[in-house]
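A look at the structure
The chain contents come next:
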Amino acid sequence: MDNEKWLVNKDDNTSLAKLNAANEYTGRFGLKLSEEDAALLLKERVNILKKQERVEFGEGILPKLIFAFCDSPYIYQDNYTDTLGRLQEIFYSYKNDTLDEIPDDELIEFMKEQFDGPCQGSVDYLEDTALEGFARKTRFGYRDNWEEDEDEI
Amino acid sequence: MKYSQEELIPVVAKLAARYTSNESTSISYDKARQLMGAVIYCIEEYENAAAGLRDLVTEYSAVSADTAYGQGYELLIEKVKKIQQEYNLMMKEFQYYGNRCCYDTFQKGMPGFFLYYDARFHPMNHILTLDYPVLVSLEPRCGADLMEVYVRSACLEQSFLQKLPEKYIMHVLSAYSDDYPELIINLASIVLRNVLGCRIAGKSIDINGYSPVEMERLKLFISGKTREELEEQLKKYIDELMDFAYEKNEELGNYLKEDMRNFSFELQHGLNYNCFQAMLAV
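Residues numbered from 1 in each chain as written. Chains lettered and ligands numbered in written order. Predicted model: local features only at pLDDT ≥ 70, side-chain atom pairs only at ≥ 80, totals over all residues. Heavy atoms only, no water.

**Considering unusual backbone geometry**
B:Pro140 follows B:Glu139 through a cis peptide bond whose omega is -5°. Locating B:Pro140 in the fold gives a position in the loop between helix H5 (100-116) and helix H6 (143-161). Phi angles above zero are rare outside glycine, and A:Leu99 is one such case at about 55°. Following the sequence through the fold, A:Leu99 ends up in the loop between helix H4 (77-97) and helix H5 (104-116). Notably, B:Tyr97 is not glycine yet its phi reads approximately 50°, a positive angle. Relative to the helices and strands, B:Tyr97 is located in the loop between helix H4 (65-92) and H5. (Helix = DSSP H or I, 4+ residues; strand = E, 2+ residues; numbered from the N terminus.)

The structure is reproduced here in C-alpha cells:
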C-alpha cells in the first residue's frame with residue numbers, strides 16, 4: 001500500500017477510558033493518573049511507536065504496565081507518570097531489540113523483576129544494563145538460560 | 001481493489017493478533033506491511049475469482065473486507081493444491097537432460113515451496129529464487145500466482161521436449177555449448193531454435209550441420225525482412241509445428257512464441273555478423 005499513514009497509530013478515547021479505569025485499582029497503592037497525565041502518556045505512546053517503527057492495534061501496553069508496576073516499592077505518586085512514560089518507551093524499544101521474540105507479558109515480568117530487584121527503581125539502569133543483556137541473550141537464542149545468569153546482571 | 005484502508009486495518013489487526021498468538025499488542029512496521037500485503041493479496045485473489053464468475057459479482061459487491069479476505073485465502077489454498085497436483089504430474093516423467101540448473105530448480109528446489117509456502121501470513125513470498133529461466137515474463141506476479149505460471153511453463157516445456165528424441169536434444173545442447181550442464185539456460189528455447197532453423201533451411205532435424213545450400217536458404221529467409229516480419233514468420237512456423245506434431249496445442253504454441261521476439265533479433269544479428277552456428281546450436 002503506497003500511502004503508509006495507516007502505520008501511524010492515532011489517539012483513541014478507548015485507551016484513555018481504560019487508563020482512567022485503572023486508577024480504581026492503583027488507588028490502593030496511592031497512585032493515580034490525572035486525565036491530563038493519561039492523555040499525555042497516550043500522546044507519548046503515539047510518538048514512541050512512530051520512533052520505534054511499530055504499530056499497535058489494540059488498547060496498548062500502558063494498562064499492562066500500570067497493573068504490573070503499581071505495586072513497586074520504587075514508584076510513588078510524584079514519579080508515577082514519568083516512570084510510566086519511560087517504561088513505555090523502554091518496552092517498545094526492547095520489543096524491537098529482542099526481535100519480537102519475547103511476548104509482552106514475559107518482557108513486562110522481566111522488567112518488573114529487574115526494576116524491583118537489581119535496578120532498585122532506576123529506569124536508566126534497567127534500560128542500559130539489565131534489559132541490554134537480556135536482549136542480547138534473546139538475540140543469540142539463549143532465551144531459556146537468562147534466568148540462570150540473573151546473578152551476573 | 002474496492003476496499004479502503006479503514007476497512008482493511010481491522011482485518012490486518014485480526015491477522016496480527018493471530019500472528020503474535022495474542023502475545024504482543026504491537027508489531028514492527030515491516031511485519032505490519034507484510035500482513036497488509038497478505039490481506040491485499042488474498043482479497044485480490046477473491047476479486048479475480050469473482051470477476052471471472054458473473055453470478056458472484058452481485059454477491060461480491062456486498063461482501064465485507066474480512067469475508068473477502070477469508071474467501072480469498074480459501075481460494076489461494078485451493079490454487080496451491082492445484083499447482084502441486086500439476087507439479088506432481090509433471091515430475092512423473094520429468095527430464096532435465098543433464099542441465100543442473102533445471103534439475104536443482106524443479107527436482108530439488110520446488111518441493112520447498114509446497115513445504116514452506118505461508119498462505120496465511122506471507123502469501124506474496126514464493127520462497128524460491130527460481131533460477132531456471134522460463135520464456136514468459138514472471139513480473140509483476142509473486143507468491144502462488146507466480147508459481148502457477150512458472151510450473152505451467154515448465155509443464156509446457158516438458159511436453160515440448162518429450163516429443164523429441166532425447167539423443168537429438170542432447171546433441172543440440174552439446175552443440176550449443178559443451179558447458180550446457182552447468183549453464184543457466186532455457187532448454188526448450190535452444191532446441192526450438194534448432195528446430196526452426198531446420199525448418200527455415202528445409203532440412204531434417206536428424207541430420208547434423210547445415211550444407212552451404214541450406215545456409216544460403218537461411219540467409220535468404222532473413223535478408224530483406226524487418227524484425228517484425230521475421231517474428232511473424234517464425235510464429236507461423238511454430239503454428240505449423242503445433243499442427244504437425246503437438247495436436248494443435250495452442251497453449252504450448254503461444255508459450256513458445258514468447259521467445260520469437262528475441263529469436264528474430266538474433267537471426268538478424270546472425271546474418272549481419274555471420275554467427276549462425278552459435279544461435280542455432282548446429
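**Observations regarding the side chain of A:Thr83**
Tracing the backbone through its elements, the reader meets A:Thr83 in helix H4. With near-sequence residues (within four places) excluded, A:Thr83 lies in contact with A:Ile75, A:Phe115 and A:Val123. (Contact = heavy atoms within 4.5 Å.)

**Let's talk about empty space enclosed by the protein**
The gaps left among the atoms become clear once a water-sized probe is rolled over them. All names here are of chain B. Evaluated as defined, the whole model comprises two cavities of 30 Å³ or more. Forming the boundary of the second largest cavity are Phe-94, Cys-102, Phe-106, Tyr-132, Ala-154, Glu-157, Gln-158, Leu-161 and Leu-187. Broken down by secondary-structure element, the contributors of at least two residues to the lining of the second largest cavity are H5 and H6. No other element matches H6, which puts four residues into the lining of the second largest cavity. Partitioned by chemical class, the residues of the lining of the second largest cavity number seven nonpolar, one polar and one charged. (1 Å grid on protein atoms, 1.4 Å probe; cavity = no way out; pocket = protein on both sides within 12 Å on 5 of 7 lines; lining within 4 Å. Points joined across faces, edges and corners; volume = space filled by probe spheres on them. Nonpolar A, V, L, I, M, F, W, Y, C, P; charged D, E, K, R; others polar.)

**Some words on the interface of chain A and chain B**
Counting residues at the interface gives 22 residues for chain A, matched by 17 residues for chain B. Remark: the boundary between chain A and chain B carries zero salt bridges. Linking chain A with chain B are eight residue pairs in polar contact (both at pLDDT 80 or more). For the side of chain A that touches chain B, the secondary-structure elements that each account for two or more residues are helix H2 (35-51), strand S1 (54-56) and H4 of chain A. (Salt bridge = Lys/Arg side-chain N within 4 Å of Asp/Glu carboxyl O. Polar contact = N/O pair within 3.5 Å; in protein donor to acceptor, adjacent residues only side chain to side chain.)

**Here we look at the environment of B:Lys79**
Residues and elements named next belong to chain B. Considering the arrangement of structural elements, one finds Lys-79 in helix H4. On the accessibility criterion, Lys-79 (15% relative accessible area) is buried. Through-space distance from the C-alpha of Lys-79 to that of Ala-16 is 24 Å; in sequence the pair is 63 residues apart. With near-sequence residues (within four places) excluded, Lys-79 lies in contact with Glu-45, Ala-144, Asp-145 and Glu-148. (Buried < 20%, exposed > 50% of the residue type's maximum accessible area, 1.4 Å probe, protein only.)

**Here's the deal with the packing of aromatic side chains**
Counted by the stated rule, this structure contains 16 aromatic pairs over all chains. Ring plane angle 75° and centroid distance 5.5 Å describe the contact between A:Phe69 and A:Phe115, whose orientation is recorded as edge-to-face. You can see A:Phe69 sitting in helix H3 (residues 62-69) and its partner A:Phe115 sitting in helix H5, a full 46 residues away along the chain. By relative accessible area, which is 1% here, A:Phe69 ends up buried. A centroid spacing of 5.6 Å and a plane angle of 20° characterise the contact between B:Phe106 and B:Tyr150, whose relative ring orientation is stacked. Of the two residues, B:Phe106 sits in helix H5 while B:Tyr150 sits in helix H6, which places them 44 residues apart along the sequence. This pair shows no difference in class: B:Phe106 is buried, exactly as B:Tyr150 is. Connected via pairs of aromatic rings, a cluster forms that spans B:Tyr87, B:Phe113, B:Phe114 and B:Tyr117. Taking NZ or CZ as reference, B:Lys163 lies 5.9 Å from the ring centre of B:Tyr246, over its face. (Phe/Tyr/Trp six-rings, centres within 6.5 Å; stacked < 30°, edge-to-face > 60°. Lys NZ or Arg CZ within 6 Å of the ring centre and 35° of its normal.)

That is the geometry; function is a separate question.
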